[in-house]
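Examining the three-dimensional arrangement
Here are the chains, one letter per residue:
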Amino acid sequence: MTHGIAVYLTISLISMFSACGTTVLTRQCSSFCVCDTWYGLERASCVGRHLYSIHTGAPNNVQALDLSDNVISLLSNFELADVGMTRLKYLNLSENAISEIGLNAFDGLTNLTILDLSKNRLHDISDEVFERNRNLRILILSKNNFNSHVPKLRSSSLMELSLDSCQISHLPPDTFNGLTHVRRLDLSNNLMIQMSTIVVQTLHVLNKLSLEGNPWSCNKIMFELQTYLNAKSIEFNEVCGKKINVKKFEKMINLPTKSRSYHHLANASMLFDETKSVTEYNVSNTLKDKNLSTCEQMINQMHVVDYKSVVYWFLLLGFILGISSGVFISYIWLSRMCLCNRRYRYHEQFNDELITSQRLSLLDSYLQGLISSDRSLIESCPGTPPPQYRDVMLRPNLYPPRESNLNNNGNGYGEMYT
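Residues numbered from 1 in each chain as written. Predicted model: local features only at pLDDT ≥ 70, side-chain atom pairs only at ≥ 80, totals over all residues. Heavy atoms only, no water.

1. Topic: the overall build of the chain
- If you tally the helices and strands in the chain, you get nine helices and eleven strands.
- Sorting the 418 residues of the chain into buried and exposed places 27% on the buried side.
- Relative to all contacts within the chain whose residues are 6 or more apart in sequence, the contacts with residues 24 or more apart total 48%.
- For the chain, the computed accessible surface area is about 29000 Å², with 58% contributed by carbon and sulfur atoms. (Helix = DSSP H or I, 4+ residues; strand = E, 2+ residues; numbered from the N terminus. Buried < 20%, exposed > 50% of the residue type's maximum accessible area, 1.4 Å probe, protein only. Contact = heavy atoms within 4.5 Å. Areas by Shrake-Rupley, 256 points an atom, 1.4 Å probe, with all protein chains shown as cover.)

Printed below as a string of structure tokens:
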């Protein structure tokens, strides 16, 4: 009985201490994060909190920190070490807006093993930024925008590098010279047309290379790369076939020889079919009718090409004739319009002159009538006083000089003095 009581008390005390410890850990965690244990690591998950920096208030003894899906845009020098995150082994900064990383941003994180910087806005990274992280094994830089500024990273411990979907169009020969221990390299879904073998020759322990999803040009350089990868037993998916794609002019040059061989084969099959039964012979004839020889196909293609060229020439000729006829009709129409406008202006001017002349004649007749009426009035009324000097000077036509009553031998002043 006493032993049972002692066991009960012991269990009660243990549960109390564990509850107290859980309360202490809960109090230490930030209000922006959720603290738990993840793969044996003390983790603080601060996902989707609209955080602008890594200063979340999470306990500094965490070994895994998840800051994905936030709006962090800058990682300054010694920022993580100043917060006290020196025990981090796993750091997830994916799906942020990071566009700049300081040269010493990850200094002090000697235990950092996995770093995820995917889905950010990185255009360039300093070559020595991860050189002091001696335990870094996995680096994920997917879905950034490096284009032609692929970082030439230096890390003696990195074993896996992801550069997929980074808009990479070209890789200089010395891109991976500082990564001597990389085993897995992902270059898929980029914009590369070709890649020289020299790029991967410095990766002596490489065992897997992802190349799919690029617009590769299957030329001599790419076939040399595939030959090198096969010789080194490096796992990869072939992006080019075994035979080089023949260009159009090469097909035209090689076509006659191929047609001859096909023609001989067709003749051989015909001779072989003659020894068969009637049914088989009919079947072979129907097959031959369906599968014409290469020469006949070439002739048909030539006829088709000639027909198409004739059609094209007719279309071009019709187009030219249509344009020329349209220009000619437009010219005739415009010339007629100009002629009509000239005739209309001439008639209008003639009418104006006619109206003006009629008006002038009417005015002249009216004035002559006035003058005649004034003269008749003066002659009919001899006792009227003479007009004023001003009227005579202004209207000389209305007051002509009177005939002189002087004698032929007089000087005009005789009457005044007699």
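2. Notes on the sheet that holds strand 8 (residues 138–140)
- Pairing is mixed in the open sheet, where nine strands are placed in the order 1-2-3-5-7-8-9-10-11. Looking along the sheet, the strands with just one partner apiece sit at the ends: strand 1 (34–38) and strand 11 (208–210). Sheet twist, expressed as the mean angle between neighbouring strand axes with direction ignored, is 10°.
- Bridge count for strand 8 against strand 9 (residues 160–162) is three bridges, and the pairing is parallel. Within the sheet, the bridge partner assigned to Ile-140 lies in strand 9 and is Ser-162. (Pairing = 2+ DSSP bridges. Axes fitted to C-alpha atoms, helices over the stretch in contact; angles between N-to-C directions.)

3. Structural notes on the UniProt feature "transmembrane region" (unreviewed entry) in the chain
- When the UniProt feature table is mapped onto this chain numbering, "transmembrane region" (unreviewed entry) sits at residues 310–334.
- Secondary structure across residues 310–334 comprises 100% helix and 0% strand; the distance between its end C-alpha atoms is 36 Å. (UniProt positions renumbered as here; feature names shortened; annotations may be inferred.)

4. Considerations on unusual backbone geometry
- Backbone geometry places Phe-78, a non-glycine residue, at a positive phi of 55°.
- Relative to the helices and strands, Phe-78 resides in the loop between strand 4 (74–75) and helix 2 (79–83).
- You will see that Asn-189, though not glycine, has its phi angle at about 55°, which is positive.
- Within the secondary structure, Asn-189 is located in the loop between strand 10 (184–186) and helix 3 (198–201).

5. Re the pairing of strand 1
- Both strand 1 and strand 2 (residues 41–45) contribute to a ladder of five bridges, which runs antiparallel. Bridge pairing in strand 2 places Cys-35 opposite Ala-44.
- Hairpin remark: strand 1 followed by strand 2, antiparallel, with two residues in the connecting loop; positive phi at Tyr-39, about 50°.

6. Looking at the side chain of Ser-142
- Its location among the elements puts Ser-142 in the loop between strand 8 and strand 9.
- The residues touching Ser-142, leaving out its near neighbours within four places in the chain, are Ser-118, Lys-119, Ser-162, Asp-164 and Cys-166.

7. Structural notes on the nonpolar core
- Ranked by size, the top nonpolar core spans 63 residues in total, and within it Phe-106, Phe-130, Phe-176, Met-195 and Leu-209 carry the most contacts.
- When contributions to this core are tallied by element, the ones reaching two or more residues are helix 3 and helix 4 (220–231).
- A total of five residues in this core trace back to one element, the largest contributor, which is helix 4.
- If near-sequence neighbours (up to four positions away) are discounted, Phe-176 is found in contact with Leu-161, Leu-163, Leu-171, Leu-185, Leu-187, Val-199, Thr-202 and Leu-203. (Core = buried A, V, L, I, M, F, W, Y, C linked by side-chain atoms within 4.5 Å.)

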